[in-house]
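Listed here are the chains, written in short residue letters.
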Amino acid sequence: MSQLEAKLPEISTVSPTEGLLLNESSSDTSRSVARREADKNIPEGMSKSQWKKLQKRKRFEDMKQQFQEVKRAKRQQSRANRRIRNEELRAKGIDPSTVTGGPPKARVIDSEDQIPTDSSVIIDCAFDNLMLEKEIVSLSNQITRIYSDARRSKYAVGLVVTSFGDRLESRFDDALSQYKSWKTGIDFSKDSLKDYLESQPYVKEDFSNVVYLSADTDDKLETLSKDEVYIIGGIVDKGRHKNLCQNKAQEMGIQTRRLPIDEYIKLSGRKVLATSHVFELLLKWWEFKDWKKAFEAVIPQRKLIEEKSRED
């Protein structure tokens, strides 16, 4: 060994693979330490899962203002782009109103111009404790769409949300506070379904003019009738709770009916539609008096069963 070699420090050689494993091990250790530190902050009596959900919601609240600003900027940009497009069309001698980028959006119809059906629809929202947080958000968005569809429909139905409270009400207050200015077309009631029905003069004492819509009954809803009340379960549960609305209706002595889904739609698993789709189908039935046309107007084409296959 030369004198130079004797003076060099001993260097351990590490292969690239070993180095990667060392880095991953270090990263895993850091994450483990971070998780242990976070776990120390969990309040007594709260599970780790509940704590994570709470922290996630706090992060969302912290970022909500930023999200709103981004959405506002996008809307402003969209309006600016539309103005530029319209100016370019006018310069070419084209009326912008004759050129659309998609189907025209239905306009809001004044309530006095809507055709009365003398029927009512109730969204029964008594299932708050059976839903996940994201499902509460989904239901609130569906109710917003339901209100919008009701305002744009040619036909007027009474629309009520019962058992309005708990997380659903908090969601509206926090993120959809404009609902407080909805002056016509919908009522929000904290009353339970039973209490609300018993307080309404148009509901018969034996509930014989009330129908609870349920996918778990064999009896089909053939037509809609005036002076009847149709109840839609306000729940998003991905099929976890079977026979929920059916059992509740039976306990209250209310008849159940199913929409004729099997006859018109291809659905895998249980034949359950979103709450907003069910409401829109009821509106479309009043418009067409025909379930086939109603389904074609509401449900995506890929899910519809072809007429020929039904005849075969």
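Looking up the protein chain in an unreviewed UniProt entry gives the name tRNA (guanine(9)-N1)-methyltransferase, with the organism given as Komagataella pastoris. Annotation of the protein chain in UniProt includes, under Catalytic activity (unreviewed entry), the sentence "guanosine(9) in tRNA + S-adenosyl-L-methionine = N(1)-methylguanosine(9) in tRNA + S-adenosyl-L-homocysteine + H(+)".

Quick look at the pairing of strand β5 (residues 229–233)
Summarising burial for β5: 5 of the 5 residues are buried, a large majority. On β5, burial covers both faces: Val229, Ile231 and Gly233 on one face and Tyr230 and Ile232 on the other are all buried. Two elements, strand β1 (residues 115–124) and β5, share 5 bridges in a ladder whose sense is parallel. Across the sheet, residue Val121 finds its bridge partner in β5, namely Tyr230. In the sheet, strand β4 (residues 210–213) pairs with β5 via 3 bridges, with the strands oriented parallel. If you follow Tyr212 over to β5, its bridge partner there is Ile231.

Re the sheet that holds strand β3 (residues 187–188)
Taking strand neighbours across the sheet as the criterion, the 6 strands line up as β3-β2-β1-β5-β4-β6 in an open arrangement whose pairing is parallel. Each end of this open sheet is capped by a strand with a single partner; those strands are β3 and β6 (255–257). Bridge count for strand β2 (residues 155–162) against β3 is 2 bridges, and the pairing is parallel. When the bridges of β3 are listed, Val161 appears paired with Phe188. Lying over the sheet, helix α4 (residues 133–152) contacts β1, β2 and β3, oriented at roughly 155 degrees with respect to β2. Set on the sheet, helix α9 (residues 275–288) makes contact with β1, β2, β4 and β5; between it and β2 the angle comes to about 155 degrees.

Reading the values: the criteria
- Residues numbered from 1 in each chain as written.
- Predicted model: local features only at pLDDT ≥ 70, side-chain atom pairs only at ≥ 80, totals over all residues.
- Heavy atoms only, no water.
- UniProt positions renumbered as here; feature names shortened; annotations may be inferred.
- Buried < 20%, exposed > 50% of the residue type's maximum accessible area, 1.4 Å probe, protein only.
- Helix = DSSP H or I, 4+ residues; strand = E, 2+ residues; numbered from the N terminus.
- Pairing = 2+ DSSP bridges.
- Contact = heavy atoms within 4.5 Å.
- Axes fitted to C-alpha atoms, helices over the stretch in contact; angles between N-to-C directions.

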